[in-house]
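Topology and contacts: notes
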Amino acid sequence: MNMPMTYPSTMEPAMTPADEPILDLRKLSKTFGEVQALDGVDLTVQPGEFVTVVGPSGCGKSTLFNIVSGLEEPDNGSVLRFEGQSVHAKHLLGRVSFMPQRDLLLAWRNVIDNAILPLEIEGANKAEARAEAQRMLPEFGLAGFADKYPHELSGGMRQRVALMRTFMFKRDLLLLDEPFGALDALTRTMMQRWLLEVWQKHKRTVLFITHDVDEAIFLGDKVLVMTARPGAIKLARTVDLPRPRSADLVTSPEFISLKRELLDAIEEESMKTFGPASH
Ligand SMILES: Nc1ncnc2c1ncn2[C@@H]1O[C@H](COP(=O)(O)OP(=O)(O)OP(=O)(O)O)[C@@H](O)[C@H]1O
Ligand SMILES: [Mg+2]
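Residues numbered from 1 in each chain as written. Chains lettered and ligands numbered in written order. Predicted model: local features only at pLDDT ≥ 70, side-chain atom pairs only at ≥ 80, totals over all residues. Heavy atoms only, no water.

Looking up the protein in an unreviewed UniProt entry gives the name ABC-type nitrate/sulfonate/bicarbonate transport system, ATPase component, with the organism given as Alloyangia pacifica. Word for word, the UniProt comment on the protein under Sequence similarities (unreviewed entry) is "Belongs to the ABC transporter superfamily." (UniProt positions renumbered as here; feature names shortened; annotations may be inferred.)

A full pass over the atoms with the stated rule returns 20 salt bridges. With a shortest N-O distance of 3.0 Å, R81 and E20 are connected by a salt bridge. Of this pair, R81 sits in strand β4 (residues 79-82) while E20 sits in the segment before β1 (23-32); the two residues are 61 residues apart in sequence, bridging distant segments of the chain. Taking the relative accessible area as the measure of exposure, R81 reaches 30% and is therefore partly exposed. Classification of E20 as partly exposed rests on a relative accessible area of 23%. (Salt bridge = Lys/Arg side-chain N within 4 Å of Asp/Glu carboxyl O. Helix = DSSP H or I, 4+ residues; strand = E, 2+ residues; numbered from the N terminus. Buried < 20%, exposed > 50% of the residue type's maximum accessible area, 1.4 Å probe, protein only.)

This part covers the coordination of the magnesium ion (ligand 2). Taken together, S62 (OG) and Q101 (OE1) make up the protein donors of the magnesium ion (ligand 2), found 2.1 to 2.3 Å from the metal. Here the residue S62 occupies a position in helix α1 (residues 61-68), and Q101 occupies one in the loop between β6 (97-99) and α2 (111-115), the gap between them amounting to 39 residues. S62 gets classed as partly exposed once you look at its relative accessible area, which sits at 23%. For Q101, a relative accessible area of 44% puts it in the partly exposed group. (Donors = N, O, S within 2.8 Å, 3.2 Å for Na, K, Ca; no water.)

The domains assigned to the protein are domain 1 (23-96 + 172-274) and domain 2 (104-170). Facing the 18 residues of domain 1 at the interface are twelve residues of domain 2. Buried area between domain 1 and domain 2, both sides added, is near 1300 Å², and the carbon and sulfur share of it is 67%. A per-residue breakdown of the area domain 1 buries against domain 2 is headed by M191, W194 and R204, which together make up 34% of the total. (Domains from an automatic or database assignment. Contact = heavy atoms within 4.5 Å. Buried area = accessible area lost by both parts, 1.4 Å probe.)

Let us look at the pairing of strand β2 (residues 35-45). Here β1 pairs with β2 via seven bridges, running antiparallel. When the sheet's bridge partners are listed, F32 is paired in β2 with V35. (Pairing = 2+ DSSP bridges.)

With that settled, consider the sheet that holds β2. Taken in spatial order, the four strands make up an open sheet running β2-β1-β4-β5, and their pairing is antiparallel. Each having just a single partner strand, β2 and β5 (85-88) make up the two edges of the open sheet. Here the average twist between neighbouring strands, direction ignored, is 25°. Examined bridge by bridge, β4 and β5 share four bridges and lie antiparallel to one another. The residue bridging L80 from the neighbouring strand is V87, located in β5. Its contacts with the sheet put α1 on β1 and β2, and the angle it makes with β1 is roughly 115°. (Axes fitted to C-alpha atoms, helices over the stretch in contact; angles between N-to-C directions.)

Structure, rendered in structure tokens:
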């Protein structure tokens, strides 16, 4: 059996050649039986960029991530540009860090052993991986919780364990699929600020799915709006707001006018999925 190519866990993220996007998708499509999930997705992500993706439920956002992480194969054009090279989609397995929509913590593993799982699978030294996870706990707001099991954690803590696991798997490109979806507004706001700090410190490239337009603008260098299924990129907007992003940014005229434009685009697409409310 051919194993996907993996890197030693200690390796720094691979360098993408200058002037090359880290990820470049052209006319990507995906069909599941009768259902066409994606149709002609064009997407370019530059190294270090934070790109957020919004779109109606069921438009193919998670499918897009499953393809970029090598879990699903696109219909055609299955060769993508990744880190400056042409790569077959299935060979992307293990080359990006992926946090799926559900946190997928294992109930029988404690915080540390959940966090090191991908490293363990690729054969890293377990003691070293555990020591590294221990060191990272405070940064992820989990100090003192090393030995706890998922059922002993709050929803936000579980998501931070899943995030820590994603960050520990050191790949240049991080895919985060609604990582804060299950959180209340206040916790979510705190997690957003925290994520920006972690992102700036670790200098990674992020593709981030959310249903929340405020979140998409607050975090992103660029916001992409997807069409209703079959999903394609309807609109791409650069977020020209200064970093570090401060909380009061959300009331600035620039933020509000961008939000209006994005909401209109999303609403137009959502109507195709759900139709207008009947009352
Ligand atoms: N493995 C699969 N087998 C069959 N159909 C699938 C599979 N994965 C996704 N789909 C279908 O593809 C479409 C897109 O699903 P996907 O999960 O990508 O949507 P999404 O944009 O992430 O939605 P949400 O915002 O609700 O998470 C849906 O119609 C879904 O039923
Ligand atoms: Mg999804």
